[in-house]
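Coordinates in review
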Amino acid sequence: MKFYPADEYQASCEALFERYRHKIRGLLPLARVEHIGASSIPGAISKGDVDIFVGVSKNELEDVVVRLMSLGFIEKRDTLRTPELCMLESQSDEDVALQVVANHSEFECFLSFRDRLRKDASLVERYNALKLSCVGWHEDDYRRKKSLFIESVLARSE
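One structure accompanies this document, and this report is about it. This one's a predicted model, so the numbers in the text were calculated from it and none came from an experiment.

Rules behind the numbers
Residues numbered from 1 in each chain as written. Predicted model: local features only at pLDDT ≥ 70, side-chain atom pairs only at ≥ 80, totals over all residues. Heavy atoms only, no water. Phe/Tyr/Trp six-rings, centres within 6.5 Å; stacked < 30°, edge-to-face > 60°. Helix = DSSP H or I, 4+ residues; strand = E, 2+ residues; numbered from the N terminus. Buried < 20%, exposed > 50% of the residue type's maximum accessible area, 1.4 Å probe, protein only. Lys NZ or Arg CZ within 6 Å of the ring centre and 35° of its normal. Pairing = 2+ DSSP bridges. Expected span 1.5 Å × (residues − 1). Contact = heavy atoms within 4.5 Å. Salt bridge = Lys/Arg side-chain N within 4 Å of Asp/Glu carboxyl O.

Applying the stated rule across the entire model yields 5 aromatic pairs. Ring geometry for F113 and Y127: centres 5.4 Å apart, planes at 80°, overall edge-to-face. Here F113 is found in helix 3 (residues 109-119), whereas its partner Y127 is found in helix 4 (residues 121-133), with 14 residues between them in sequence. Summarising the aromatic geometry, the rings of F113 and F149 are spaced 6.2 Å apart at their centres and angled 90° between planes, so their arrangement reads as edge-to-face. One end of the pair, F113, is in helix 3; the other, F149, is in helix 5 (residues 139-155), with 36 residues separating them in the sequence. One exposure class covers both F113 and F149, and it is buried. A connected cluster of aromatic rings, assembled from ring pairs, spans F113, Y127 and F149. Directly above the ring of Y20 sits K23, whose terminal nitrogen or CZ lies 4.8 Å from the centroid.

Next comes the structure, spelled out in structure tokens:
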């Protein structure tokens, strides 16, 4: 697993997000489409991938998933799937993932985490240190350690 400093990837990730935001908005004009994940947090190191939050009403989620697949996405295997969350990944060479989320569900935590790190540079420093400590680790071990950090950030009162 390789991580990139923010100055090496964030501009290209932002451009990629904007391109996909435009495509998603063409299909789903009423959806909330937001850049999430490390590439959306100033100063955060990242694997250079782009994560996109697509918020829709719960009763539309399954239809929206099918519509987004027309943009070249498939459902991500071996990941959490609920009536309020479906994760999709690009079939192209571009490392883009969509988190299709029912609005007002617990899965808006993607936005809460992003927003808390955007407001607190010390959390970004801790997040970066955690990632660097995982270089060479298996992806599953890295995800477990990262999940504990995310849970601790979300458990903090603002």
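Bringing the environment of A11 into the picture now. Mapped onto the fold, A11 is located in helix 1 (residues 6-27). Separated by 28 residues in the primary sequence, A11 and S39 place their C-alpha atoms 9.0 Å from one another.

For a regular strand, the rule is simple: side chains alternate between the two faces of the sheet. Within strand 2 (residues 50-56), 7 of the 7 residues are buried, which leaves the element mostly enclosed by the surrounding structure. Alternating positions in strand 2 separate into two faces, V50, I52, V54 and V56 on one and D51, F53 and G55 on the other, with burial throughout. Pairing geometry for strand 1 (residues 32-36) and strand 2, over 5 bridges, is antiparallel. Among the inter-strand pairings, R32 is bridged to a residue of strand 2, identified as G55. The pairing of strand 2 with strand 5 (residues 96-102) spans 7 bridges and is classified as parallel. Each bridged residue has a counterpart across the sheet, and for V50 the counterpart in strand 5 is V96.

The buried count for strand 4 (residues 85-90) comes to 5 of 6 residues, which makes it a mostly enclosed element. Where strand 3 (residues 73-75) and strand 4 come together, 3 bridges link them in antiparallel fashion. Bridged to I74 within strand 4 is E89. Bridge count for strand 4 against strand 5 is 5 bridges, and the pairing is antiparallel. Residue pairing in the sheet places C86 in a bridge with V100 of strand 5. The turn linking strand 4 back onto strand 5 is made up of 5 residues.

Taking 1.5 Å per residue as the helical rise, helix 5 with its 17 residues ought to reach 24 Å, and the 24 Å between its terminal C-alpha atoms agrees with that figure. Buried positions along helix 5 lie against helix 3 and helix 4.

This structure, assessed with the given rule, holds 13 salt bridges. The salt bridge partner of E94 is R19, with a shortest N-O separation of 2.2 Å. With a gap of 75 residues between them, E94 in the loop between strand 4 and strand 5 and R19 in helix 1 connect regions that are remote in the sequence. Owing to a relative accessible area of 37%, R19 belongs among the partly exposed residues under this scheme. The closest approach of N and O atoms between R32 and E34, which form a salt bridge, is 3.8 Å. A relative accessible area of 28% places R32 in the partly exposed class.

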